[in-house]
Amino acid sequence: CAKKAKTPKDSNNDLAACRMLLSELEAHQDAWPFLSPVRHKSVPGYRKVIKKPMDFSTIKEKLTNNLYLNLETFIIDVNLVFDNCQKFNEDDSEIGRAGHRMRRFFDKRWTELL
Ligand SMILES: Cn1cc(C(=O)NCCN2CCCC2)ccc1=O
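Keep in mind that what you see is a predicted model, and the values were worked out from it rather than measured.

Overview of the overall build of the protein
Alright, step 1. On a plain count of helices and strands, the protein comes out with 5 helices and 0 strands.
Alright, step 2. When the helices and strands of the protein are read in sequence order from the N terminus, they spell out α-α-α-α-α.
Alright, step 3. In terms of overall dimensions, the protein has a C-alpha envelope of 45 × 25 × 25 Å along the principal axes.
Alright, step 4. Here the protein holds 114 residues, and 33% of them are scored as buried.
Alright, step 5. In the protein, of all internal contacts separated by at least 6 residues, the share reaching a separation of at least 24 is 64%.
Alright, step 6. Put simply, the protein shows about 7,700 Å² of open surface, and 57% of that area lies on carbon and sulfur atoms.

Shown next as structure tokens:
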């Protein structure tokens, strides 16, 4: 089908949707490992293994500084948080399980937006 033209209004709606989604992620009980950047000084190996660190506070900063063009670029960064988590943590670990639960929650919420 023909692509719907993106109007400035659409991108404003995208921005509001990103802010809504992010605040829901931050409020989730399993968000605690992802709220701020991983302190690589206290997490051995993190800086070597994870090439592109990302966390919810960094995403919030980028949102505030208008660095997300649209919902898609925002979703890419959110998925980076969860992909990093899966790469560094065992599935059967506190943080690993929190990551899977948060990803499931996020996937459900943004698809409800479509
Ligand atoms: C996403 N992720 C997070 C950590 C971590 O240790 N986060 C700090 C958690 N603390 C709990 C109370 C204050 C902060 C380690 C590896 C990892 O992949």
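Focus: the site of the ligand
Alright, step 1. Around the ligand, the structure places Trp32, Pro33, Phe34, Val38, Tyr46, Asn89 and Ile95.
Alright, step 2. A distance of 2.8 Å is found between an oxygen atom of the ligand and a side-chain nitrogen or oxygen belonging to Asn89.
Alright, step 3. For the ligand, the accessible surface in isolation is 450 Å², of which the surrounding protein chains cover 59%.

Description of the packing of helix 1 (residues 8–27) against helix 3 (residues 56–64)
Alright, step 1. Viewed as axis vectors pointing N to C, helix 1 and helix 3 meet at an angle of 160 degrees, and their least axial separation amounts to 11 Å. Between helix 1 and helix 3, the angle falls in the class roughly antiparallel. Here helix 1 runs over helix 3; the crossing is left-handed. Between helix 1, through Leu15, Cys18, Arg19, Leu22, Leu25 and Glu26, and helix 3, the contact on the second element is made entirely by Phe56, Ile59, Lys60 and Leu63.
Alright, step 2. Among the residues making up the contact of helix 1 with helix 3, the classes are represented as 7 nonpolar, no polar and 3 charged.

Parameters at a glance
Residues numbered from 1 in each chain as written. Predicted model: local features only at pLDDT ≥ 70, side-chain atom pairs only at ≥ 80, totals over all residues. Heavy atoms only, no water. Helix = DSSP H or I, 4+ residues; strand = E, 2+ residues; numbered from the N terminus. Buried < 20%, exposed > 50% of the residue type's maximum accessible area, 1.4 Å probe, protein only. Contact = heavy atoms within 4.5 Å. Areas by Shrake-Rupley, 256 points an atom, 1.4 Å probe, with all protein chains shown as cover. Near = heavy atom within 4 Å. Polar contact = N/O pair within 3.5 Å; in protein donor to acceptor, adjacent residues only side chain to side chain. Axes fitted to C-alpha atoms, helices over the stretch in contact; angles between N-to-C directions. Parallel < 35°, antiparallel > 145°, perpendicular 65-115°, else oblique. Left-handed = near helix turned anticlockwise from the far one by under 90°. Nonpolar A, V, L, I, M, F, W, Y, C, P; charged D, E, K, R; others polar.

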